[in-house]
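Now for the letters of each chain:
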Amino acid sequence: MVLAAVEQHQPPGQRLVDDDLAATFLPAPARWLTEATRSAVLRKLFIAAMDRSGPGLWANLTCRKQFVADKLDDALDDIDAVVILGAGLDTRAYQLARRTQIPVFEVDLAVNIARKSAAVRRVLGALPRSVRLVAVDFERDDVLTALAEYGYLTDYRVFFIWEGVTQYLTEHAVRATLDGLRPVAAGSRLVFTYVRRDFIEGRNLYGTPKLYRRTRQRRQLWHFGLQPEDVAGFLAGYSWRLIEQVGPEQLVHRYVQPTGRNLTASQIEWSAYAEKR
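Residues numbered from 1 in each chain as written. Predicted model: local features only at pLDDT ≥ 70, side-chain atom pairs only at ≥ 80, totals over all residues. Heavy atoms only, no water.

## Quick look at the overall build of the chain
Here is step 1 of the chain: Along the chain, the regular secondary structure elements total 13 helices and seven strands.
Here is step 2 of the chain: Taking 2.2 N^0.38 as the reference for a compact globule, 277 residues should give roughly 19 Å; the C-alpha atoms of the chain span a radius of gyration of 18 Å, in line with that estimate.
Here is step 3 of the chain: Dimensions of the chain, computed from the C-alpha atoms along their principal axes, are close to 50 × 45 × 35 Å.
Here is step 4 of the chain: When each of the 277 residues of the chain is scored for burial, the buried share is 54%.
Here is step 5 of the chain: Positive and negative charge centroids in the chain, built from 37 and 32 side chains respectively, lie 6 Å apart. (Helix = DSSP H or I, 4+ residues; strand = E, 2+ residues; numbered from the N terminus. Rg over C-alpha atoms; globule rule 2.2 N^0.38 Å. Buried < 20%, exposed > 50% of the residue type's maximum accessible area, 1.4 Å probe, protein only. Lys, Arg positive; Asp, Glu negative; His and termini not counted. Charge placed at Lys NZ, Arg CZ, Asp CG, Glu CD.)

Okay, structure coming up:
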């Protein structure tokens, strides 16, 4: 969300993602940081520093948000609800509440849900009627059971968003979550991001040794990964049909090149879009 907030200081035609609420949801120190990047010089230095720690990640993390937004916009007339798995401080539910009253369920750890609730009340005064905050631990809880307590209906055609989450979970939790989603209605959609398994396993660092040390050696932050060629089969095992997946070349072509900016995207993270059969 810091990256999305910084992007708002770019001229409109050069932004990789549009999110006028991004900065407002951040805690005070992060708001002060992003405010400083109104300066084009400081903004350039900030982006360069980010790319030194993980080459290409700036483009990945911002463009993936726009990829999700595009898929949601395309599907909006065909769905009954949105479920954001691992919502963090994401503002998508509150952007949607301006346009539609379909229910949006934001799912995250209890501590993150508490922080989100406080941020929403600080910024908006109250939670929109269409948004429900749901505490879930993906390592232990069944998502649909938790959602049912907040008004989720089994016949909903749902748009599931799982952005920037799967790598932080164990393989057991990822598979258990997908297994728990088996009952969702046909025609539901799923957009998610994943880190390549060969990076997780240390077989290919894709020019990002600092990132590998930070996420896999100093602290075991990232656990789960997939290979792009395995995604279709992996999803098929849980009755999802892969529609599209995008890697760095597609992200750059679709979102970066039209802005005229000189940014590359990292090979380690990909985005996938699927439909429930």
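Next comes the rest of the write-up.
## Describing the side chain of Thr259
Here is step 1 of the chain: Within the fold, Thr259 resides in the loop between helix 13 (248-256) and strand 7 (269-276).
Here is step 2 of the chain: Taking relative accessible area as the criterion, Thr259 reaches 12% and is therefore assigned buried.
Here is step 3 of the chain: Of the polar contacts made by the side chain of Thr259, one reaches the backbone nitrogen of Arg261; its length is 3.2 Å.
Here is step 4 of the chain: With sequence-adjacent residues up to four places away left out, Thr259 is seen in contact with Gly13, Gln14, Arg15 and Leu16. (Polar contact = N/O pair within 3.5 Å; in protein donor to acceptor, adjacent residues only side chain to side chain. Contact = heavy atoms within 4.5 Å.)

## Re the packing of aromatic side chains
Each aromatic ring pair is specified by the distance between its two centres and by the angle formed by the two planes.
Here is step 1 of the chain: Per the stated rule, a full pass over the model turns up 13 aromatic pairs.
Here is step 2 of the chain: Each ring, one from Phe159 and one from Tyr273, has its centre 6.1 Å from the other, and the planes form 35 degrees; the classification is tilted. Here Tyr273 lies in strand 7 and Phe159 lies in strand 4 (residues 158-162), a separation of 114 residues in the sequence.
Here is step 3 of the chain: According to the relative accessible area criterion, Phe159 is buried, its value standing at 0%.
Here is step 4 of the chain: We classify Tyr273 as buried; its relative accessible area is 6%.
Here is step 5 of the chain: Seen from their ring centres, Phe199 and Tyr212 are 5.5 Å apart, and the 90 degrees between their planes marks the pair as edge-to-face. Note that Phe199 is positioned in helix 10 (residues 197-200) and Tyr212 in helix 11 (residues 209-218), a separation of 13 residues in sequence. Residue Phe199 shares its accessibility class with Tyr212, and that shared class is buried.
Here is step 6 of the chain: A network of ring pairs unites the aromatic residues Tyr168, Phe199, Tyr212 and Trp222 as a single cluster. (Phe/Tyr/Trp six-rings, centres within 6.5 Å; stacked < 30°, edge-to-face > 60°.)

## What about the packing of helix 4 (residues 40-53) against helix 5 (residues 57-75)?
Here is step 1 of the chain: Axis separation between helix 4 and helix 5 bottoms out at 8 Å; the angle between their running directions is 105 degrees. Here helix 4 is positioned roughly perpendicular relative to helix 5, judged by the angle of their axes. For the pair helix 4 and helix 5, contact is made by Phe46, Ile47, Met50 and Asp51 and by Leu57, Trp58 and Leu61, respectively.
Here is step 2 of the chain: A per-class count over the contact of helix 4 with helix 5 returns six nonpolar, no polar and one charged. (Axes fitted to C-alpha atoms, helices over the stretch in contact; angles between N-to-C directions. Parallel < 35°, antiparallel > 145°, perpendicular 65-115°, else oblique. Nonpolar A, V, L, I, M, F, W, Y, C, P; charged D, E, K, R; others polar.)

## Some details on the environment of Trp58
Here is step 1 of the chain: Tracing the chain through its elements places Trp58 in helix 5.
Here is step 2 of the chain: When its relative accessible area of 0% is taken as the criterion, Trp58 is described as buried.
Here is step 3 of the chain: For Trp58 and Ser266, which are 208 residues apart along the polypeptide, the C-alpha to C-alpha distance reads 8.5 Å.
Here is step 4 of the chain: Sequence-distant contacts of Trp58, that is, excluding residues within four places in its chain, are made with Leu3, Val6, Glu7, Leu16, Phe46, Ile47, Met50, Asp51, Arg261 and Leu263.
Here is step 5 of the chain: Within the structure, Trp58 has its side chain in polar contact with the side chain of Glu7 (distance 2.7 Å).

## Some remarks on the sheet that holds strand 5 (residues 189-195)
Here is step 1 of the chain: Pairing within the open sheet is mixed, and its seven strands lie in the order 3-2-1-4-5-7-6. Edge positions in the sheet fall to strand 3 (131-135) and strand 6 (240-246), since each of these pairs with one other strand and no more. Ignoring strand direction, the axes of neighbouring strands in this sheet form an average angle of 20 degrees.
Here is step 2 of the chain: One ladder, built from four bridges, connects strand 4 with strand 5; its direction is parallel. When the sheet's bridge partners are listed, Phe160 is paired in strand 5 with Leu190.
Here is step 3 of the chain: Sheet contacts for helix 13: strand 6 and strand 7; angle to strand 6, the most-contacted strand, approximately 65 degrees. (Pairing = 2+ DSSP bridges.)

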